[in-house]
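The chain contents come next:
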Amino acid sequence: RRWRGWAICGAGKGMKPDNAKAVIVQSVLPNMPAALAGVTAGDSIVEVDGFKVAGAKASTMADRMKKRPGETVVLKLLRGNGETYVVKLTAVALQG
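Note that the structure is predicted; figures quoted are calculated from it, not measured. (Residues numbered from 1 in each chain as written. Predicted model: local features only at pLDDT ≥ 70, side-chain atom pairs only at ≥ 80, totals over all residues. Heavy atoms only, no water.)

## Considerations on the packing of aromatic side chains
In step 1: By the definition in use, this model includes zero aromatic pairs.
In step 2: The ring of Phe-51 has Arg-64 lying over it, and the distance from NZ or CZ to the ring centre is 3.7 Å.
In step 3: The aromatic ring of Tyr-85 is capped on one face by Arg-79, whose charged end is 4.2 Å from the ring centroid. (Phe/Tyr/Trp six-rings, centres within 6.5 Å; stacked < 30°, edge-to-face > 60°. Lys NZ or Arg CZ within 6 Å of the ring centre and 35° of its normal.)

Here it is, written out as structure tokens:
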């Protein structure tokens, strides 16, 4: 049973680094917390729980994003138009 279902295609799947400045969201699972919060493909994650993505190792960011059902993560994101926004996501269990 996977438990990283708070947001964006599980643990790092659907995301890619952007020259160590941000993590670009490649896809968002429908009807999951990220989708319901308005996160869309193409948005860039610039902070995870107040920790800047710039210069961080991918493994460090993956560890910060791992949450059990009921736990939360706060993401600061940047849209392609330059708008920044913050979402607080609560993890849900995923089957499979």
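After that view of the structure, there is still more to cover.
## Examining the nonpolar core
In step 1: Among the nonpolar cores identified, the biggest contains 15 residues, and Val-39, Ile-45, Val-48, Leu-75, Leu-77 and Val-87 are the most heavily contacted of them.
In step 2: When residues of this core are traced back to their parent elements, those giving at least two are β2 (22-25), β3 (44-48), α2 (58-65), β5 (72-78) and β6 (84-90). (Core = buried A, V, L, I, M, F, W, Y, C linked by side-chain atoms within 4.5 Å. Buried < 20%, exposed > 50% of the residue type's maximum accessible area, 1.4 Å probe, protein only. Helix = DSSP H or I, 4+ residues; strand = E, 2+ residues; numbered from the N terminus.)

## Overview of the pairing of β6
In step 1: Alternating residues of β6 divide into Tyr-85, Val-87 and Leu-89, all buried, and Thr-84, Val-86, Lys-88 and Thr-90, none buried.
In step 2: Alignment of β5 against β6, held across seven bridges, turns out to be antiparallel. Within β6, the position partnered with Leu-77 by the bridge is Tyr-85.
In step 3: Where β5 folds back on β6, the antiparallel hairpin that results is connected by five residues, among which Gly-82 adopts a positive phi of roughly 95°. (Pairing = 2+ DSSP bridges.)

## Some details on the environment of Ala-34
In step 1: Relative to the assigned elements, Ala-34 resides in helix α1 (residues 33-36).
In step 2: For the pair Ala-34 and Lys-88, spaced 54 residues apart in sequence, the C-alpha to C-alpha distance is 8.8 Å.

## Quick look at the pattern of salt bridges
In step 1: Counted according to the given criterion, the structure contains five salt bridges.
In step 2: A salt bridge links Arg-79 to Asp-43; the nearest nitrogen and oxygen atoms lie 3.0 Å apart. A residue pair is termed long-range when its members are at least 10 positions apart, and Arg-79 in the loop between β5 and β6 and Asp-43 in the loop between α1 and β3 qualify at 36 residues.
In step 3: Residue Glu-83 is joined to Arg-79 by a salt bridge in which the shortest nitrogen-to-oxygen separation is 3.9 Å.
In step 4: Counted as one network, the salt bridges with shared partners bring together Asp-43, Arg-79 and Glu-83. (Salt bridge = Lys/Arg side-chain N within 4 Å of Asp/Glu carboxyl O.)

## Points about the environment of Phe-51
In step 1: Here Phe-51 lies in strand β4 (residues 51-52).
In step 2: With 23 residues separating them along the chain, Phe-51 and Val-74 place their C-alpha atoms 9.8 Å apart.
In step 3: In contact with Phe-51, not counting residues within four places along its chain, are Val-46, Ala-56, Thr-60, Met-61 and Arg-64. (Contact = heavy atoms within 4.5 Å.)

## A short note on the side chain of Asp-43
In step 1: What makes Asp-43 buried here is its relative accessible area of 3%.
In step 2: Within polar-contact distance, the side chain of Asp-43 engages the side chain of Tyr-85 at 2.4 Å. (Polar contact = N/O pair within 3.5 Å; in protein donor to acceptor, adjacent residues only side chain to side chain.)

No statement about biological role is implied by the geometric values presented.
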